[in-house]
Amino acid sequence: MRMNTTGMTSFFGKITVAAAGLLFTNSTLKAQLKQDYPIKPVAFTQVRVNDLFWAPKIKTNASVTIPYTLDQCRKTGRIDNFLRAAGKLPGDKLTEYTFDDTDLYKIIEGASYGLQMQPNPGLEKYLDTLIAIIGDAQEQDGYLYTFRTVKAAKPHEWMGSRRWEKEEDLSHELYNAGHLFEAAVAHYQATGKKTLLNIAIKNADLLVRVFGWGKEEKYPGHQIVETGLTRLYRVTGNKAYLDLAKFFLDVRGPGSEYSSEYNQAYKKVTDQHEAVGHAVRATYMYTGMADVAALTGDRQYLKAIDDIWEDVVNRKLYITGGIGATGAGEAFGAAYELPNMSAYAETCAAIANVYWNNRMFLLHGDAKYIDVLERTLYNGLLSGVSLSGDRFFYPNPLASMGQHQRSAWFGCACCISNMTRFLPSMPGYVYAQKDNDVYVNLFVGDSATIQLKAGKVNIVQQTMYPWNGKDDITIRPAKPMTFSLRIRIPGWAQNRPVPGNLYFEDDSATVNIPVLLNGAPVTYTMDKGYAVITRTWKANDKITVDFPMPVKKVMAAAPVKDDQYRFALERGPMMFCLEGPDNKEATVQNIVVDKQAAVRTVFQPDLLNGVMTLQMQGTAASRQLHSDSLLTSHQTVTAIPYYAWANRGPSEMTVWIPFEASVAKPKPAPTIASKSKVSASIKNKRMYLALNDQYEPKDSKDNSALYLHWWPAKGSKEWVQYDFDSSYTVHAAKVYWYDDGPFGGCRVPAAWKIYYRQGDNWVPVKNTTPYPTEKDKYNLVSFEPVTTTALKLEVQQPVENASGIHEWIVE
């Protein structure tokens, strides 16, 4: 494979990577770029994390997650895609999605990061084998897209009849290329080998030949190729890659049949000032805009992403740092639309949010961006992977009735492979530098080596963060030298949960954080959220900062209707939640805690790999049969860190805790339905909970809790069944239909019927009223009483739609 060297500097010397894909050599940028971010991240290879929080998680990623996900790629046929494209495996069977190739790229990227931190000859050899397979699948001109190269008898409907035809829609050809570029750069600087880099350059050169003004003028349907191209530009110096990244941003806009808010093509990117559409696509694009702005000096990009950032933090950010309120389009919702149980908050979106906020910090040097990054990192991102490293969340809701469980794999595995590549790069977010300024952004036990203009300095942090706010920062310059140490004073330490006005605490007074130098108070100045100490530093000078970590009760702004009369528990950078296993009767939706209730912190080393728990007094309400009065009991209420929930099986959970009884959900009284065993004509048993959870929907399209549906099946006859705990005489049934029209795929059924079990047979009940099919209400059918041990509800779905059920009550 011949490498195109047009516009490139020669490759020599070891190149290391910094956080979020910003490349530097140990001493100087190999490709001498004219301009870039004013602030540079300190490469994660220069930061050795050795604490008790992040170090074990990074180790689990290396020892469990990477081998596990590589094996899943083999088992699910993702490697076979490349073998078939290379003609080395017969047949044309491919995996489910046209972007499945990227899972292998991302896992190679994560594995390469791991190799930089700790050599692993066996893993390195296996990566060599995979890269050879990828190279064999590449076409002669550089095109690499297994779904087309295989020439399947029945081509995937997303890819179009020719190259790039459906790129603006769903082919994902450029999306695949973007992840290839990122993986190639990571592998090159981890091993010094150019095998994957050559493949990427050959593909990028094809893109340069094909796309551009006066050539193929199409934008990427799913953004990320923009950041992949800027990474290639940084390592090669080939300006054509930067120019193409800018073209892909500038060509995006109205005029295409696929232009919409969903893919951020409803306006030119520089005319966009609010976050809309698919949250991952959006934040990858904002990250790409920041990269291109830094590398070109384009101020219009900056104005746009500055405004969009303000929109997110003031209207569209979950308290966990999650983004993307709705599963409809995996998208940002309207302003203040932040439902909890149906929150999408995709893991990929959390990772992209970290990438974007890190870029914003590198542009502006303001701690507020790291405040959002930290909030996301410790909460809405970390929740995406189990403590064991082999179970995963795709959405990260803020409440559950037990329907949310971690999965071993997803058909669409983007979040799994994304988490695999992110975790090993986490140390690269701890520090940054500019000339003779060192930024301490995250508080993590580590040892880092940083090259300043004045010379080299070693910085060691010793801390039990995030469980304890004390951090000893030891400075060891190679020689006495003058520079500024900039220590971020987190917003949470100053009674500001996150930037903006979306969330607040009752006590909003400014807090003065004392900083000690060699045991004595030191005067510092505040600049953009940083405590700045400028002096001539000597070996073993020690800075001590101790952030108070009282438990805070955070509330949401009035327009966030889903969080009214509730608070969320915050301690340090962490959000906490109530989960069933820690609370009475495994129930938390019925709990009420007074706003003034005292909260006690208890560290439990044997719980969930060691976590801080919060304990307080509260009340819980339960309903009674045939009575409107509630039974109320007092109990100890326990909260755990949000990131650690759902590691003990399915259970109830909530982040936002009612302080007004009116918004709690009393535990329902046991009924025939709630005590029944559910079965149905669908395989997903998680949905079975919906039928008898006694959750009262707001309307037929309410997706704030669980519902059962048969989508994407249409026009078929389906069923659900209750097997009672004993024999009962029953005479009526009520059904609340799920209908998400006009935009969703579910409608009320064409017809339905109730059967009862008589011996070994199912017999239709003799209904005395019609079978109604109305939206937004319970549909009651009465029938002649029958004594039975089971009922079956048969549903005839509409010809063009599926149907669904919120609740089925038996009387």
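Before any of the text, the structure's been laid out above.
Structure report, in brief. (Residues numbered from 1 in each chain as written. Predicted model: local features only at pLDDT ≥ 70, side-chain atom pairs only at ≥ 80, totals over all residues. Heavy atoms only, no water.)

**Structural notes on the overall build of the chain**
Within the chain, the secondary structure is distributed over 14 helices and 33 strands. Principal-axis analysis of the C-alpha atoms places the extent of the chain at approximately 90 × 70 × 50 Å. Across the 811 residues that make up the chain, the buried fraction comes to 62%. A separation of at least 24 residues holds for 71% of the contacts in the chain among residues at least 6 apart in sequence. Within the structure as shown, the chain displays about 30100 Å² of accessible surface, and the carbon and sulfur contribution to it stands at 50%. Computed over 88 positive and 84 negative side-chain charges, the inter-centroid distance for the chain is 5 Å. (Helix = DSSP H or I, 4+ residues; strand = E, 2+ residues; numbered from the N terminus. Buried < 20%, exposed > 50% of the residue type's maximum accessible area, 1.4 Å probe, protein only. Contact = heavy atoms within 4.5 Å. Areas by Shrake-Rupley, 256 points an atom, 1.4 Å probe, with all protein chains shown as cover. Lys, Arg positive; Asp, Glu negative; His and termini not counted. Charge placed at Lys NZ, Arg CZ, Asp CG, Glu CD.)

**Points about the sheet that holds strand E14 (residues 520-521)**
If you trace the seven strands from one edge of the open sheet to the other, you get E4-E8-E9-E10-E17-E13-E14, paired in antiparallel fashion. Unpaired on one side and paired on the other, strand E4 (47-49) and E14 mark the two borders of the sheet. Of the pairings in the sheet, the one linking strand E13 (residues 515-517) to strand E17 (residues 541-546) comprises three bridges and is antiparallel in character. Bridging from a neighbouring strand, Leu 516 pairs with Thr 544 of E17. (Pairing = 2+ DSSP bridges.)

**Some points on the sheet that holds strand E16 (residues 530-537)**
Strand order in the open sheet made by the six strands is E3-E6-E7-E11-E16-E15, with mixed pairing throughout. Here the strands that pair on one side only, and so sit at the sheet edges, are strand E3 (40-41) and strand E15 (525-527). Note that E3 and strand E6 (residues 431-434) share two bridges and pair antiparallel. When the sheet's bridge partners are listed, Lys 40 is paired in E6 with Gln 433. Where helix H13 (residues 367-381) meets the sheet, its contacts fall on strand E11 (481-488) and E16, and the angle it forms with E11 comes to roughly 50°. (Axes fitted to C-alpha atoms, helices over the stretch in contact; angles between N-to-C directions.)

**Let's talk about the pattern of salt bridges**
Inspection of the entire model under this criterion finds 43 salt bridges. Across the salt bridge formed by Glu 139 and Arg 163, the nearest N and O atoms sit 2.8 Å from each other. Of the two residues, Glu 139 is situated in the loop between helix H4 (121-137) and helix H5 (146-149) and Arg 163 in the loop between H5 and helix H6 (173-191); the sequence distance between them amounts to 24 residues. Judged by relative accessible area, which is 21%, Glu 139 ranks as partly exposed. Put simply, Asp 723 and Arg 757 hold a salt bridge, and the shortest N to O gap is 2.9 Å. A residue pair is termed long-range when its members are at least 10 positions apart, and Asp 723 in strand E29 (residues 717-738) and Arg 757 in strand E30 (residues 751-758) qualify at 34 residues. Classification of Arg 757 as partly exposed rests on a relative accessible area of 26%. Through salt bridges that share partners, Glu 109, Glu 182, Arg 231 and Arg 421 make up one connected network. (Salt bridge = Lys/Arg side-chain N within 4 Å of Asp/Glu carboxyl O.)

**Focus on the packing of helix H7 (residues 195-210) against helix H9 (residues 239-250)**
For any two helices packed against each other, the geometry comes down to the angle between their axes and how far apart the axes lie. Interhelical geometry of H7 versus H9 gives an angle of 55° and a closest axis separation of 10 Å. Judged by the inter-axis angle, H7 sits oblique to H9. Seen along the crossing, H7 lies across H9 with a hand that is left-handed. Listed contacts from H9 to Ile 201, Ala 204, Asp 205, Leu 207 and Val 208 of H7 are Ala 240, Tyr 241 and Leu 244. A per-class count over the contact of H7 with H9 returns seven nonpolar, no polar and one charged. (Parallel < 35°, antiparallel > 145°, perpendicular 65-115°, else oblique. Left-handed = near helix turned anticlockwise from the far one by under 90°. Nonpolar A, V, L, I, M, F, W, Y, C, P; charged D, E, K, R; others polar.)

**What to know about the pairing of strand E10 (residues 470-477)**
With six of eight residues buried, E10 lies mostly within the body of the structure. Hairpin connection from strand E9 (residues 456-463) to E10: six residues lie between these consecutive antiparallel strands. Bridge analysis of E10 against E17 gives six bridges, and the strand direction is antiparallel. What sits directly across from Thr 474, in E17, is Lys 542.

**Section: helix H14 (residues 414-422)**
Here H14 lies mainly inside the structure; nine of its nine residues are buried. Listing the buried residues of H14 in full gives Cys 414, Cys 415, Ile 416, Ser 417, Asn 418, Met 419, Thr 420, Arg 421 and Phe 422. Turning to H14, the residues buried within the fold contact helix H1 (54-75), helix H3 (101-117), H6, helix H10 (279-296), helix H12 (347-364) and H13.

**Quick notes on the nonpolar core**
Within soluble globular proteins, side chains that are nonpolar generally end up buried alongside one another. Trp 54 and Phe 181 are the most contacted members of the largest nonpolar core, which totals 223 residues. When near neighbours in sequence (up to four residues on either side) are disregarded, Phe 181 contacts Ala 200, Asn 203, Ala 204, Leu 207, Val 225, Gly 228, Leu 229 and Leu 232. Of all hydrophobic cores here, the second largest spans 34 residues; its members include Leu 708, Trp 737, Phe 783 and Leu 791. (Core = buried A, V, L, I, M, F, W, Y, C linked by side-chain atoms within 4.5 Å.)

**Some words on the environment of Gly 160**
Among the structural elements, Gly 160 can be located in the loop between H5 and H6. On the basis of relative accessible area, Gly 160 is assigned to the buried category, the value being 15%. With 609 residues separating them along the chain, Gly 160 and Thr 769 place their C-alpha atoms 52 Å apart. If sequence neighbours within four positions are ignored, Gly 160 has contacts with Arg 148, Glu 165 and Lys 166.

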